Amino acid sequence: PESPRCRVRRQTGLTNRWRLPESLYSDLLGSSQALKAINMPFNQSLVETITGRSVTHNPMLATCSQFAYIKEQNWSIMEILSKMSTLFKLPSLPDPAGPVRHYVPKNARAETPKDIFLYHSKKSMSFVGPDVLLKALGMDWELHRPFLQKSEELTQLLKISEDPKAQKYFRSPVSETLDNYIIKSNFYRYKDMFDDDQAKSLDHPAHISEKRVGSLSVIHLHIDDPLVTQRAMAIALGNLYHDDLDVDLSDVAGVLAAAAALGFKQLMEGCGTIMLKSINYRTVCQYHLAASKYHQEHVVLACERWLELNLIPELSMHIQLREMSSELLQKILKSSRLFTYNEFSVYRNLSYWLFLQLNPQMQLMPSHSTVLSYFNSLPKTCSFLETDDGQMYSPLFSSVRLHGIIDATNIQDMRIMNIIPQSWMVNLLSQHYLALQEGGDMTSLKQFNVSAVRQGFIVDDEPHYHSEILSLHGFHFELRAIRQETENHTYQFYMQRLKPGDPILSFRQCERHTFSMRPDREVCYSITVQYLYKGEHHMESTGTLSQKFGLGEKTSKSQVISIDNLKKPIYVSYALMFPPS
C-alpha cells in the first residue's frame with residue numbers, strides 16, 4: 001500500500017472499475033459513467049456514493065475545485081445534483097411520469113392544429129367560405145354551418161347564437177400577438193417622420209398584420225379536460241367534413257375526448273371501433289382511461305380482458321406498465337381470469353410497478369437486479385409497506401397469494417427487498433412448515449377461488465406437446481398440453497401425479513426436493529384455457545373438481561379437457577389446493 005504504483009479498487013458511479021489513487025484524467029468511460037450516475041440517482045444511498053459524503057469514490061470529482069466549493073456549502077442532495085448538472089453541463093432529469101416520449105428530429109417542422117384541420121376540411125370543397133367562428137382552446141376555428149349538424153353541442157350553440165354579422169378576428173394567436181406588437185411599437189407609431197420611400201416600405205404586407213373580416217356567427221365552447229388538446233380538437237372538427245373517419249392510432253384517445261366534448265356520437269363510435277382493433281401493451285392503459293371516462297363500456301371490457309391475459313407475460317416487460325393506475329391493477333390482480341406463470345410472477349410484477357411509481361424519471365424497463373438493489377438500499381427499520389409512503393400500496397400486495405411462492409430463491413429475493421411486513425413473511429414460512437408436517441394439508445386456506453396455487457404456460461408455436469412440473473409440499477404434478485393430429489386440431493389438457501424418481505424430474509428436484517410417500521392425496525383443482533380471437537375473449541374451464549391422486553397409472557391422471565379449433569396464443573392455467581384430509 002505504501003508503493004505509489006499500488007492499484008486500489010474503487011467504485012465509480014454504478015460501475016466497478018479499476019481506478020488509480022491519483023486520476024490521470026484518461027479514463028473517459030469511467031468519468032462518463034460517474035457523471036451519468038450523478039444525473040440519474042435511484043435513491044438516497046446511491047446518491048451519497050457519488051456526492052460529497054463519499055467523494056473519494058470519484059477521483060475526477062475529488063480533485064475538482066468546483067466540486068470542493070459545492071462540498072463546503074453543505075447543500076442538500078437535490079441541491080448538489082442541480083449544481084452538478086450546471087457545472088458539468090449535464091442534461092436535466094426527464095419529466096416525471098406520463099407516457100414515454102417519442103423521438104422527434106430537431107429540424108422537423110411540427111404539424112400545427114391549423115394544418116391538421118385544413119388537411120381534413122379540404123376533402124369537402126363544396127363550401128364558399130366560413131360562416132361560423134368557434135372559439136375554443138384559445139384558438140379561432142373557421143367552420144361551415146352545413147357540416148356542424150353531426151355535433152350536438154355545436155348545433156345547440158348555433159341555435160342560441162346571434163345572427164351572422166361582420167366580425168374581425170385573427171386566425172391564430174401568433175397573428176394577434178404580432179398585431180399588438182406593431183401597434184405598440186414606436187418604430188411604426190412615428191413613421192410619418194420618415195421620408196416617402198421609407199414610409200412606403202413600412203406599408204408592405206410584411207409589416208402589416210390585420211384582423212380578418214367576415215360575416216360570421218360566433219360561438220364559444222369552454223372545455224376543461226386535459227385529454228382534449230388542440231391537435232385532438234383539430235382532428236375531431238376536421239372529421240365533421242367527411243363521412244369516412246380518419247384518425248391515427250396515436251391520436252385516438254384524445255380524439256375520443258374531443259368528440260365527447262363536441263357531442264359527435266359518430267366519431268365516438270368510430271374511435272371505439274379503432275380502439276377494439278388496436279389494443280396492445282402500448283395503448284391498453286390509455287384506452288382504458290379514456291374509455292372509462294367517456295362511457296365506452298365495450299372498450300373498457302376489452303381492455304380488462306386483454307390485461308387479464310397479458311399483464312404478466314407482456315405488459316410487465318415494458319415501460320408502459322407505469323401508466324397503469326393502482327385501481328385498475330388491483331382489479332386485474334383479483335380477477336379469477338388472471339393468467340400468471342406462477343404466484344411469484346404476480347409479486348415481481350407488483351414490485352416492478354412500484355419501482356416505476358417511485359422513480360418516474362425512468363424511461364427504460366429496469367432489470368431485476370436494479371429493482372432488487374433499489375429496495376434493498378432503503379432503510380431497514382421497517383418494511384416499505386409499513387412506512388408512511390408505502391401504506392397506500394398494502395391492498396395491492398395483499399392480493400398476492402404469498403402461500404403459493406414455494407421456491408427458496410424467490411423467498412430470499414422477497415426478504416432482501418423488504419417490501420412486505422415481516423409478519424407476512426413469518427406467516428408464509430409457517431404455512432409451508434405446517435403443510436409439510438401435516439402431509440400437504442393446507443388447513444389455513446378456505447376458498448378455492450382466492451387461495452388456490454396457480455401455474456400456467458402459453459401455447460403459441462410448435463412443438464405440439466408442452467409439459468411443466470408443479471411441485472407443492474412434497475407432491476409433484478406434470479401439467480400437459482397435447483395437440484392431436486385431427487382435422488379440427490384438437491388440444492387436450494390434463495395433469496398427472498409423478499412418482500419419486502420419475503425420469504421427467506430433474507436431478508436437482510430428485511436430490512433436493514421433498515417427496516411425500518402418501519399413496520393418495522385429495523386435491524381440489526381446475527384447468528382453464530383462454531384465448532383472444534378478433535378482440536373477443538373465449539374461455540373453457542373444468543370448474544372446481546376434487547379427486548384423489550394416487551401413484552398408479554389409473555389414479556394418477558386428472559380429468560382431460562379437449563377443445564377444438566383453438567386460436568393461438570393459448571393461455572393455459574392450472575390451479576390446485578390440498579384440502580384437509
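Computed from a predicted model, the values in this text were never measured in an experiment.

Draft legend 1. Here's a closer look at the overall build of the chain. Secondary structure summary: the chain contains 23 helices and 15 strands in total. Looking at the 581 residues of the chain, the share that counts as buried comes to 45%. Considering only intrachain contacts with a sequence separation of at least 6, the fraction spanning at least 24 residues in the chain is 66%. Carbon and sulfur atoms make up 53% of the accessible area of the chain, which amounts to about 31800 Å² in all.

Draft legend 2. Looking closely at the packing of aromatic side chains. The tally for this structure, following the rule as stated, stands at 18 aromatic pairs. Arranged with centres 6.1 Å apart and planes meeting at 15 degrees, the rings of Tyr491 and Phe493 form a pair that is stacked. Taking relative accessible area as the criterion, Phe493 reaches 0% and is therefore assigned buried. Members of the aromatic cluster, each reached through a chain of ring pairs, are Trp353, Phe355, Tyr374, Phe375, Phe384 and Tyr393. Against the face of Tyr494 rests Lys557, its NZ or CZ located 4.3 Å from the ring centre. The residue whose ring lies beneath Lys567 is Tyr533, and the NZ or CZ to ring-centre distance is 5.2 Å.

Draft legend 3. Examining the sheet that holds strand 9 (residues 475–483) more closely. Strand order in this open sheet of four strands is 8-9-10-14, and the pairing throughout is antiparallel. Among the strands making up the open sheet, the edge pair consists of strand 8 (465–472) and strand 14 (561–563). When the angles between neighbouring strand axes are averaged without regard to direction, this sheet yields 15 degrees.

Draft legend 4. Spatial organisation of the confidence of the model for the chain. Averaged over every residue, the pLDDT of the chain is 78; residues scoring 70 or more account for 71%. Least confident of the elements in the chain is helix 3 (residues 59–62), whose mean pLDDT is 46; most confident is helix 17 (residues 343–358), at 95. Counting contacts from residues 187–191, a segment whose pLDDT is below 50, to residues more than four positions away or on other chains yields 10 contacts.

Draft legend 5. Expanded view of the pairing of strand 3 (residues 132–136). In terms of burial, strand 3 is largely enclosed, as four of its five residues are buried. In terms of strand pairing, strand 3 meets strand 4 (residues 139–143) through five bridges, oriented antiparallel. By the bridge assignment for strand 4, Val132 is matched with Leu143. Here strand 3 hands over to strand 4 after two residues, with Leu137 in that stretch at a positive phi of 55 degrees.

Draft legend 6. Structural context of the side chain of His288. Inspection of the secondary structure puts His288 in helix 14 (residues 284–293). Apart from residues lying up to four places away in sequence, His288 is in contact with Val300, Cys303, Glu304 and Leu328.

Draft legend 7. Local environment of the packing of helix 11 (residues 230–238) against helix 12 (residues 252–262). Two elements in contact, helix 11 and helix 12, have axes whose closest approach is 8 Å; the angle formed by their N-to-C orientations is 65 degrees. Crossing angle aside, the handedness with which helix 11 passes helix 12 is right-handed. Together, Ala232, Met233, Ile235, Ala236 and Leu237 of helix 11 and Gly254, Val255, Ala258, Ala259 and Leu262 of helix 12 make up the contact between the two elements. Classifying every residue of the contact of helix 11 with helix 12 by side-chain character gives nine nonpolar, one polar and no charged.

Parameters at a glance
- Residues numbered from 1 in each chain as written.
- Predicted model: local features only at pLDDT ≥ 70, side-chain atom pairs only at ≥ 80, totals over all residues.
- Heavy atoms only, no water.
- Helix = DSSP H or I, 4+ residues; strand = E, 2+ residues; numbered from the N terminus.
- Buried < 20%, exposed > 50% of the residue type's maximum accessible area, 1.4 Å probe, protein only.
- Contact = heavy atoms within 4.5 Å.
- Areas by Shrake-Rupley, 256 points an atom, 1.4 Å probe, with all protein chains shown as cover.
- Phe/Tyr/Trp six-rings, centres within 6.5 Å; stacked < 30°, edge-to-face > 60°.
- Lys NZ or Arg CZ within 6 Å of the ring centre and 35° of its normal.
- Pairing = 2+ DSSP bridges.
- Axes fitted to C-alpha atoms, helices over the stretch in contact; angles between N-to-C directions.
- pLDDT = per-residue confidence, 0-100.
- Left-handed = near helix turned anticlockwise from the far one by under 90°.
- Nonpolar A, V, L, I, M, F, W, Y, C, P; charged D, E, K, R; others polar.

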